[in-house]
Amino acid sequence: MSTTGTVTVLIPAPLRRFTGGESKVSSGGSSIAELIDGLEASYPGIRDKIVEDDGEIRRFVNVFVNGQNVRKLDGVATQVKAGDEVGIVPAMAGGSVA
Amino acid sequence: MLNSEIGDGQATQMVLRQRDRIGTGGLGEVRGGSIAAEPAAVLAIGQTPLLPLHQFARRVGLPDFVELWLKAEWTNPGGSVKDRPALAIVRHALAEGHLTPGKVLLDSTSGNIGIAYAMLGAALGFPVELVIPENASDERKAMVRAYGATVVTSDPYEGSNGAIVHARRLAADHPDRYFYADQYSNACNPAAHFATTGPELWSQTNGRITHFVAGLGTTGTMMGVGRFLKRQSPLVSLVAVQPAESFHGIEGLKHLPTAIVPAIYDAAIPDEQLGIETEDAYAFARELARTEGLFVGTSTGAALAGAVRTARDAAGRDEPAVIVALAPDGGGKYLSTELWG
């Protein structure tokens, strides 16, 4: 994994049972896909909640990098770097977290 | 008296009196001349169509002896089933002096009851403030603001529980400023369905209904309709639909094992609980749009998924059934989601 540093990941309440109740965790990786692999390594079971079997983000899930929805960037191939903040939010009705 | 202290029976009587006075909406009431002063938005609430889903039923392989019907709550003026409890809550608060001039109606919502309160606030003349999770869609927040209501956003990572906690804190900190409607604890919520939605379904099916399928959010629909239908016939089966897991995208529904359980919820009312995957809810909503030309929201997709499961069970037993699913809202408020993508 070509991680160059840690990325902060904000965990929504329904997924905190995987992170021991933590709402903010650190993970590594140079892309969203790698970051999710890193989360799975630390918190087994969380990956399937976020992505489909083919690795694409589930329809009702939005993943944000510094407030920007990765669907409008490069999806799971979107690059991340140390210091970035990644948010995982169920799409209640679309919406955004800026 | 606090809302949560209102007994079910008392709230039901209040709503029934309101219904007698204002009807459940519709032109017939206007011709009667008794409610000429009611605003148009109030008159238009309720008496929604019950639609047969012949093409959809064939598409999912149901035999003719298993009927599938949809209660089209998106035809309410605010666009959702929530117009009914909102009207009952507001009427009760006005009648009991909880919502007095100068007070602001406050509640937490992911959208629909907020739109209903905002509509009623505009029509009846009181200010409305709503706590909405920040990840609710821009169209929802814009609709609420279009009616003149104020939006307070809550932490998107805390979901609807976070919005509830935020609203409770506001209400506790400013008791003189707010009437906290609290749809999750307000007995007027199920009472509205006992007084209007339930009787409409019984009458529209000529008492033939065998199964009622509805999603659980505040649980007001299932509690109110369920109690009414059981009173008419204990043989009617009540099927409650919940998201299969806590992390889901079915707007308005709650995964009760991990949610703040609404005070109005009585676990003894539903006969059956079905867990629905978000992807299945979306798939059924899309299927309904393509086969019947009915454009519905995600929670309707979940109710349909539950109704189809119930229908297939009945078909498997060679048992005739009249299954009614309740459609809380239309699909328009979900255009920015992947539902239609």
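Residues numbered from 1 in each chain as written. Chains lettered and ligands numbered in written order. Predicted model: local features only at pLDDT ≥ 70, side-chain atom pairs only at ≥ 80, totals over all residues. Heavy atoms only, no water.

For chain B, the helix and strand inventory stands at 12 helices and 10 strands. Looking at chain B as a whole, 62% of its 341 residues qualify as buried. Residue pairs in contact within chain B that sit at least 24 positions apart in sequence constitute 74% of those at least 6 positions apart. For chain B, the accessible surface area stands at approximately 12,500 Å², while carbon and sulfur atoms represent 51% of it. (Helix = DSSP H or I, 4+ residues; strand = E, 2+ residues; numbered from the N terminus. Buried < 20%, exposed > 50% of the residue type's maximum accessible area, 1.4 Å probe, protein only. Contact = heavy atoms within 4.5 Å. Areas by Shrake-Rupley, 256 points an atom, 1.4 Å probe, with all protein chains shown as cover.)

The subject of this paragraph is the pattern of salt bridges. Counted by the stated rule, this structure contains 19 salt bridges over all chains. The partner of B:Arg91 in a salt bridge is B:Glu38, with the nearest N and O atoms 2.5 Å apart. Taken together, the residues span a long stretch of sequence, with B:Arg91 in helix α5 (residues 83-96) and B:Glu38 in the loop between α2 (27-32) and α3 (40-43) at a distance of 53 residues. When its relative accessible area of 12% is taken as the criterion, B:Arg91 is described as buried. On the basis of relative accessible area, B:Glu38 is assigned to the buried category, the value being 16%. Shared partners join several salt bridges into a network, and the residues in it are A:Lys49, A:Arg58, B:Glu245 and B:Glu279. (Salt bridge = Lys/Arg side-chain N within 4 Å of Asp/Glu carboxyl O.)

For any two helices packed against each other, one specifies the inter-axial angle together with the distance between the axes. Residue and element names in this part refer to chain B. At a minimum axis separation of 8 Å, α5 and helix α9 (residues 188-204) run at an interaxial angle of 125 degrees. If you check the angle between α5 and α9, you find them oblique. Note on packing geometry: the crossing formed by α5 with α9 is right-handed. Residue-level contacts link Arg84, Pro85, Ala88, Ile89 and His92 of α5 to Cys188, Asn189, Ala192, His193, Thr196, Thr197 and Glu200 of α9. Here the residues of the contact of α5 with α9 are counted per class, giving 5 nonpolar, 5 polar and 2 charged. (Axes fitted to C-alpha atoms, helices over the stretch in contact; angles between N-to-C directions. Parallel < 35°, antiparallel > 145°, perpendicular 65-115°, else oblique. Left-handed = near helix turned anticlockwise from the far one by under 90°. Nonpolar A, V, L, I, M, F, W, Y, C, P; charged D, E, K, R; others polar.)

Okay, the pairing of strand β2 (residues 66-72) of chain B next. Regular strands place side chains that alternate from one sheet face to the opposite one. Residue and element names in this part refer to chain B. Counting buried positions along β2 gives 6 out of 7 residues, so the element sits mostly inside the fold. The sheet contact formed by strand β1 (residues 50-52) and β2 spans 3 bridges and is antiparallel. Looking across to β2, one finds that Pro52 is bridged to Trp69. Where β2 lies against strand β10 (residues 321-327), 7 bridges are found, and the strand directions are parallel. Bridged to Trp69 within β10 is Val324. (Pairing = 2+ DSSP bridges.)

Quick look at the sheet that holds strand β9 (residues 272-276) of chain B now. All names here are of chain B. Sheet architecture is open: 6 strands sit in the order β1-β2-β10-β7-β8-β9, paired in mixed fashion. Among the strands making up the open sheet, the edge pair consists of β1 and β9. The mean inter-strand angle of the sheet, taken between neighbouring strand axes irrespective of direction, is 25 degrees. Across the sheet, α9 lies against β1, β2, β7 (211-215) and β10, angled at about 140 degrees from β2, the strand it touches most.

Interface size, as often reported, equals the accessible area lost upon joining of the parts. Taken together, the contacts link 27 residues of chain A with 28 residues of chain B. A buried area of about 2,400 Å², summed over both sides, lies between chain A and chain B, and 55% of it is on carbon and sulfur atoms. At the boundary of chain A and chain B, one finds 4 salt bridges. A:Arg16 is the salt-bridge partner of B:Glu158, the closest N and O atoms lying 2.8 Å from each other. Counting across the interface, chain A meets chain B through 8 residue pairs in polar contact (both at pLDDT 80 or more). Looking at side-chain class alone, the side of chain A that touches chain B contains 16 nonpolar, 4 polar and 7 charged residues. (Buried area = accessible area lost by both parts, 1.4 Å probe. Polar contact = N/O pair within 3.5 Å; in protein donor to acceptor, adjacent residues only side chain to side chain.)

We now examine the pairing of strand β3 (residues 104-108) of chain B. All names here are of chain B. Here β3 lies mainly inside the structure; 5 of its 5 residues are buried. By the alternation rule, side chains of β3 split into Val104, Leu106 and Ser108 and Leu105 and Asp107, which are all buried. Across 3 bridges, the pairing between β3 and strand β6 (residues 178-180) is parallel. Looking at the pairing, Leu106 lines up with Tyr180 of β6. Relative to strand β4 (residues 128-133), β3 is paired through 4 bridges, and the arrangement is parallel.

Residue and element names in this part refer to chain A. The phi torsion at Asn66 lies on the positive side, around 50 degrees, for a residue other than glycine. Here Asn66 shows up in the loop between β3 (61-65) and β4 (68-69). The class of Asn66 is partly exposed, set by a relative accessible area of 46%.

What holds strands together in a sheet is hydrogen bonding between their backbones, with the strands either parallel or antiparallel. All names here are of chain B. Reading across the sheet, the 4 strands line up as β5-β4-β3-β6 and stay open at both edges, with parallel pairing between neighbours. Of all the strands in the sheet, just β5 (150-154) and β6 have a single pairing partner and so form its edges. Averaged over all neighbouring strand pairs, the angle between strand axes comes to 25 degrees, with direction disregarded. Across the sheet, helix α6 (residues 112-124) touches β3 and β4, and the angle it forms with β4 is around 165 degrees. Taken strand by strand, helix α8 (residues 159-173) contacts β3, β4, β5 and β6, and its axis lies near 145 degrees from that of β4.

Geometric values such as these leave the question of function open.
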